[in-house]
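# An overview of the molecular structure
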Amino acid sequence: MSDAELVLRSTRVITPEGTRAASVAVTDGRITAVLPHDAPVPEGARLEDLGDHVLLPGLVDTHVHVNDPGRTEWEGFWTATRAAAAGGITTLVDMPLNSLPPTTTVPHLRTKQQVAADKAHVDVGFWGGALPDNTKELRSLHEAGVFGFKAFLSPSGVDEFPHLERDPLARTMAEIAAFDGLLIVHAEDPHLLSSAPQRGGPRYADFLASRPRDAEDTAIAQLIREAKALQARVHVLHLSSSDALPMIAQARAEGVRITVETCPHYLTLTAEEVPDGASEFKCCPPIREAANQDLLWQALADGTIDCVVTDHSPSTADLKTDDFATAWGGISGLQLSLAAVWTEARRRGHGLEDVVRWMSTRTSELVGLDDRKGAIAVGREADFAVLAPDETFTVDPVALQHRNRVTAYAGRTLHGVVKSTWLRGQRIVADGEFTEPKGRLLTRTS
C-alpha cells in the first residue's frame, strides 16, 4: 500500500472473509489493500484510527422513493441523500414513480438525472418504469442505464403510473427478458384487494383486513408462472406475507430466476403494536402480525429472502390522516434502517456480518454493482459506514434529515450509532456535520 492516500484502521472491520482487526488502504477512491491492523502507514498517507468502532461497507438501498421533481415537497434528492448518508447508506436506487414525470422514457430519465446531479450526497441510480403503454420504451431505457423496471400488479396510488393486468404483464416480461433485463414487481392481486372488506376509519385491524396475505400470495404465484415460462429475471418487492415463502423456495429449486426483498418495518414493527389512527405505520402491503414476522426472519436466515431495503416512501404530514383508508401509504426509513434492523437482528442472535450481507452485499448484487460496491475488498470503491453498534439512541423526529419528519419509529430506542459515512474515501458526514454533495449518478453500464 505504498501509494495509499488514506488508511482506515479498526479492531473490527467487516470483510467478505469475516470480521477482523485490519488496516484498509485507499487510493483514488478505491480500496487497494486490506492488511493487518498493525501494518505500517505509508509515508504521506493519512491515518484514521477508528478504535473499536466497526468499519463496514456503505449500505446500498435499492428501493427509495425520492419523488423529485414534481412532488419535491414530499422528499427531494438533497434531503433524501442527506438522510441516507446519516444512516450509513452510500448508494441508493430511485424508484420511477411519485416523481413528475415518472421515469418511463429516456427523456424523463434525463430530467430526473438533471435534477439529481448537483444535490446527491450519496451515489444515485435509477429504476425505469413499466406501464401498459410503454413497452416500446423499455429497451432504450435499458440502454440508457436504468437498473431494471418497476411494475405494479395492483393500482399504484398515482394516476400517472397504472398497473399491469395479466396480458400487459406477459408482454412486458417478454420484452425485458429479450435483453435479459430485470423486472421488479409490487405483487398484490387487484381482484383480491377489491373483494376484501374496505371499512375505512382509524382501526388498524380494518386496514390490515383490506390487504390480505392472499393478495400477495396470488400475485407472486402469477409472477412465478410468467417468469418460468419466459425464463425471465424477476424480483419481488417488499415481501410482507410469509405464506408466499414456500412457493418462492420451490420456484428457485425449479430454476426460476426470482429474488426477494423485505423491509425494516416488516422485520421490526408488528400489527399488534400499531395504534389506531397512527397512519405513520401505513404501508402497502401492510405490517403484519408478530408470528408472520418470525417467519420473515427465518427466511432471511436461510436465504429465501435475499435482501433488506427501506422502501422509503414519504409524504407531507397532512396526507397522514387518522383514516387508514385515505391516508397516504408509505414509511420513511432511510436514516434509521441500519439501526432498526441491527437492533432486532442482535436480539434474534444475528451479527453485523448478516446485516451487511442483507443490506449491502446482496443489494449490490441485485443491481449489478457488486464489482464496485457492497464489500470491503480490494478493487471496490471506498464506501464505508463507521458504526458504534452497542451505543443506543431514542428516535426523535426533529433530528431526522428527511424533508417530512413523520416516522413510525418515533420514540423507539435503537442500537447502532453511525459515527461517520465515507464515499470513495471522502468523509461525507461525521457527527451530524455534512460536506457539500459528493455523490455521483450511476448507470447500469458505468
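Below you will find a few notes about this structure. (Residues numbered from 1 in each chain as written. Predicted model: local features only at pLDDT ≥ 70, side-chain atom pairs only at ≥ 80, totals over all residues. Heavy atoms only, no water.)

## Remarks on the packing of aromatic side chains
Rules: Between 30 and 60 degrees the pair is tilted, below 30 it is stacked and above 60 it is edge-to-face, where a pair is any two Phe, Tyr or Trp rings, Trp via its six-membered ring, whose centres lie within 6.5 Å. The helix and strand labels rest on DSSP assignments: H or I over at least four residues marks a helix, E over at least two residues marks a strand, and numbering proceeds from the N terminus. Using a 1.4 Å probe on the protein chains alone, a residue whose accessible area is under 20% of its type maximum counts as buried, one over 50% counts as exposed, and one in between counts as partly exposed. Any Lys NZ or Arg CZ that is within 6 Å of a ring centre and within 35 degrees of that ring's normal is treated as a charge sitting over the ring.
One pass over the full model with this rule turns up 8 aromatic pairs. With a centroid separation of 6.1 Å and 65 degrees between ring planes, the pair formed by Phe149 and Phe179 is classed as edge-to-face. Of the two residues, Phe149 sits in strand S10 (residues 149-152) while Phe179 sits in the loop between helix H4 (166-178) and strand S11 (182-186), which places them 30 residues apart along the sequence. For Phe179, a relative accessible area of 11% corresponds to the buried category. Both rings, one in Phe152 and one in Phe161, keep their centres 5.9 Å apart while their planes meet at 75 degrees; by these two values the pair is edge-to-face. According to the relative accessible area criterion, Phe161 is buried, its value standing at 0%. Through a chain of ring-to-ring contacts, the aromatic side chains of Tyr204, Phe207 and Phe324 assemble into a single cluster. The aromatic ring of Trp74 is capped on one face by Arg71, whose charged end is 5.4 Å from the ring centroid. In this arrangement the basic side chain of Arg82 is found over the ring face of Phe434, its NZ or CZ atom lying 4.0 Å from the centre.

## A few points about the sheet that holds strand S12 (residues 233-236)
Just so we agree on the cut-off: When DSSP finds two or more bridges between a pair of strands, those strands are recorded as paired. Whether two residues are in contact is decided by their heavy atoms, any of which lying within 4.5 Å being enough. Angles shown run from 0 to 180 degrees and are taken between the N-to-C directions of axes, each axis being a line fitted to C-alpha atoms and, for helices, limited to the stretch in contact.
The 6 strands are arranged S9-S10-S11-S12-S13-S14 in an open sheet whose pairing can be described as parallel. On the outer flanks of this sheet lie strand S9 (128-129) and strand S14 (307-308), each paired with one strand and no other. The pairing of S12 with strand S13 (residues 257-262) spans 4 bridges and is parallel. When the bridges of S13 are listed, Arg233 appears paired with Arg257. The sheet contacts of H4 involve S10, S11 and S12, and relative to S11 the element is tilted by about 150 degrees.

## A word on the pattern of salt bridges
For the record, the criterion: Each salt bridge in this description consists of a side-chain nitrogen of Lys or Arg and a carboxyl oxygen of Asp or Glu lying within 4 Å of one another.
A complete count under the given rule lists 27 salt bridges for this structure. One salt bridge connects Lys112 with Asp94, and the closest N-O pair in it is separated by 2.5 Å. In this pair, Lys112 is assigned in helix H2 (residues 106-116) and Asp94 in strand S7 (residues 89-94), connecting sequence segments 18 residues apart. By relative accessible area, Lys112 is classed as buried at 1%. Its relative accessible area of 1% is what places Asp94 among the buried residues. A salt bridge links Arg357 to Asp354; the nearest nitrogen and oxygen atoms lie 3.0 Å apart. Within this pair, Arg357 and its partner Asp354 are both found in helix H12 (residues 352-366), separated by 3 residues, close to a single helical turn. In this structure Arg357 comes out as partly exposed when scored by relative accessible area, which is 27%.

## A short note on the packing of H4 against helix H7 (residues 213-230)
Where we set the bar: Here is the rule for angles: anything less than 35 degrees is roughly parallel, anything more than 145 is roughly antiparallel, 65 through 115 is roughly perpendicular, and the remaining ranges are oblique. Here a crossing is called left-handed whenever its near helix is offset anticlockwise from the far helix by less than a right angle, and right-handed whenever the offset is clockwise. Amino acids are sorted into nonpolar (Ala, Val, Leu, Ile, Met, Phe, Trp, Tyr, Cys and Pro), charged (Asp, Glu, Lys and Arg) and polar (every other residue, Gly among them).
Packing of H4 against H7 brings their axes to within 10 Å, and their N-to-C directions diverge by 40 degrees. The orientation of H4 relative to H7 falls into the category oblique. As for how H4 packs across H7, the hand of that crossing is right-handed. Here Arg166, Leu169, Ala170, Met173, Ala174 and Ala177 of H4 lie close against H7, whose contacting residues are Gln222, Leu223, Arg225, Glu226, Ala227 and Leu230. Classifying every residue of the contact of H4 with H7 by side-chain character gives 8 nonpolar, 1 polar and 3 charged.

## What about the sheet that holds S7?
Within the open sheet, the 3 strands sit side by side as S6-S7-S8. Their pairing is parallel. Two strands bound the open sheet, and with one partner strand each, they are strand S6 (59-64) and strand S8 (123-126). Neighbour-to-neighbour, the strand axes of the sheet open up by a mean angle of 20 degrees, direction not taken into account.

## Some details on H12
Structural remark: α-helix, 3.6 residues per turn; residues separated by three or four positions point the same way. Note the following rule: Here the expected span of a helix is defined as 1.5 Å times the quantity of residues minus one.
Between its first and last C-alpha, H12 extends 20 Å over 15 residues, near the 21 Å set by a 1.5 Å rise per residue. Residues Leu352, Asp354, Val355, Val356, Trp358, Met359, Ser360, Thr363, Ser364 and Leu366 constitute the buried set of H12. Looking one or two residues past H12, Gly368 carries a phi angle of roughly 75 degrees, positive in sign.

## Details of H7
In a regular helix each residue adds 1.5 Å, so 18 residues correspond to 26 Å; H7 covers 26 Å between its end C-alpha atoms and thus fits that length. Taken as a whole, H7 has its buried residues at Ala215, Glu216, Asp217, Ala219, Ile220, Gln222, Leu223, Ile224, Glu226 and Ala227. Contacts made by the buried residues of H7 are with H4, S11, helix H5 (190-195), S12, helix H8 (245-253) and S13. Note on H7: the residue one or two positions beyond its end, Gln231, has a positive phi of about 55 degrees.

## Here we look at the pairing of strand S2 (residues 18-27)
In terms of burial, S2 is a largely internal element, 7 of the 10 residues being buried. As defined by bridge partners, strand S1 (residues 6-15) adjoins S2 across 8 bridges and the pair is classed as antiparallel. Across the sheet, Leu8 pairs through a bridge with Val24, a residue of S2. Sheet analysis places S2 next to strand S3 (residues 30-36), joined by 6 bridges and oriented antiparallel. Bridging across to S3, Thr27 finds its partner in Arg30. Linking two consecutive strands that pair antiparallel, namely S2 and S3, is a turn of 2 residues; a positive phi of about 50 degrees is found at Asp28 within it.

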